[in-house]
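Working through the structure, step by step
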Amino acid sequence: MIELDGIYTAYEGGDRPVIRDLSLRIGKGEFVIIGGPNGAGKTTLLESINGMVRVTHGSARVCGIDVRRAGCEVRKRVGYVIQNFSFDPFTPFTVEQAVMMGRYGRLGMLRRPGKADFDAAERAIRLVGIEDLTHKPIGTLSGGQQQKTLIAQNLAKEPDVLLLDEPFSNLDFQAREFVSGILSGLVEKGTPVVIVSHAFDDLPDRDIRMIIMEDGQVKGDITCAPAEVKDVVRFSIGRSAVAVN
Ligand SMILES: Nc1ncnc2c1ncn2[C@@H]1O[C@H](COP(=O)(O)OP(=O)(O)OP(=O)(O)O)[C@@H](O)[C@H]1O
């Protein structure tokens, strides 16, 4: 599903690549956490996978599509929940409309949403448990409620791969458990789920592949039980990299 071979990634104007000679393969039904210290390149890795940041060298293929040539096509197939995104208070659309935007990649230019699109959006809203917010303007919601809406938007997309950057950061304890269960369900159906996180509580009860990054490279890659994740991180990069809840 995700095939990266010797990739380098650079930001416009950056004096050196952020990701350097990184190779990684992630297959169907894997639950992957990318950990590592601040600035290690975790977000940049997610954005290299979906073509939001330019891969300058190496080969990057996602769902069989060349990310360097057809990033737009990749983004139609890949869900991405951005870190700490917050909507302007005057954003002129409701939760329902925001979730429906998850369908736009599938719809294509100038096509109107049909029954399948409305059904997918409604399912996602129900799954995340935000039915009571459906008609509220998105900019008036709390950080956690906006985060849930973004997750629902990406579920409505029915992505082939789901990437999430710090998905638990704005969520309360109950919501974390809930979202964790949703992600686990996706993995069960074969969708690879890749999250960047510093928080290692409330993880799905399944094998977790931990990829540890440091300075733009993969420093460790190990599959373990959820209860072992914190120890793997402490051992790999030190106590400070494990967030205290
Ligand atoms: N838009 C940008 N333009 C230039 N450099 C950037 C940009 N975004 C990130 N960087 C640089 O890339 C490096 C890696 O950043 P990145 O956000 O990928 O790290 P991270 O591991 O996700 O960090 P954190 O845990 O703090 O979120 C940092 O040195 C950062 O300054």
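Each chain carries its own residue numbering, running from 1 in the direction its sequence is written. The model is predicted, so local features are restricted to residues of pLDDT at least 70 and side-chain atom pairs to those at 80 or more, both for listing and for counting; the totals for chains, interfaces and linings are taken over all residues. Based on all heavy atoms of the structure, the side-chain values leave hydrogens and waters out of the count.

- As recorded in an unreviewed UniProt entry, the protein chain goes by the name ABC-type transport system, ATPase component, listed as coming from Methanocella arvoryzae.

**Considerations on the sheet that holds strand β5 (residues 65-66)**
- When DSSP locates at least two bridges between a pair of strands, those strands are taken to pair. Helix and strand labels come from DSSP, where a helix needs a run of H or I of at least four residues and a strand needs a run of E of at least two; each type is numbered from the N terminus. Reading across the sheet, the four strands line up as β2-β1-β4-β5 and stay open at both edges, with antiparallel pairing between neighbours. Each edge of the open sheet is held by one strand with a lone partner, namely β2 (19-26) and β5.
- Bridging between strand β4 (residues 55-62) and β5 involves two bridges; their strand directions are antiparallel. Paired with arginine 61 across the strands is aspartate 66, a residue of β5.

**Observations regarding the site of the ligand**
- By convention in these notes, a residue is near a molecule or strand provided one of its non-hydrogen atoms lies within 4 Å of it. Lining the immediate surroundings of the ligand are Tyr11, Val18, Pro37, Asn38, Gly39, Ala40, Gly41, Lys42, Thr43, Thr44, Gln83 and His198.
- The term polar contact refers here to a pair of N or O atoms within 3.5 Å; inside protein, the definition further demands a hydrogen-donor-capable atom paired with an acceptor-capable atom, and it admits residues adjacent in sequence only when both atoms are side-chain atoms. Glycine 39 places a main-chain nitrogen or oxygen 2.9 Å from an oxygen atom of the ligand.
- A distance of 3.0 Å separates an oxygen atom of the ligand from a polar atom in the backbone of glycine 41.
- Accessibility throughout is a Shrake-Rupley quantity obtained with a 1.4 Å probe, and a residue counts as covered only by protein chains that appear here. Here the ligand loses 57% of its free accessible area of 640 Å² to cover by the protein chains.
- We call Asp, Glu, Lys and Arg charged. Ala, Val, Leu, Ile, Met, Phe, Trp, Tyr, Cys and Pro are nonpolar, and the rest, Gly among them, are polar. Here the residues of the shell around the ligand sort into four nonpolar, seven polar and one charged.

**Remarks on helix α1 (residues 42-49)**
- Note on exposure labels: buried denotes an accessible area under 20% of the residue type's maximum, exposed denotes more than 50%, and partly exposed covers the range between, all computed with a 1.4 Å probe on protein chains only. Across the eight residues that make up α1, a large majority, seven, are buried.
- Of the positions making up α1, those classed as buried are Lys42, Thr44, Leu45, Leu46, Glu47, Ser48 and Ile49.

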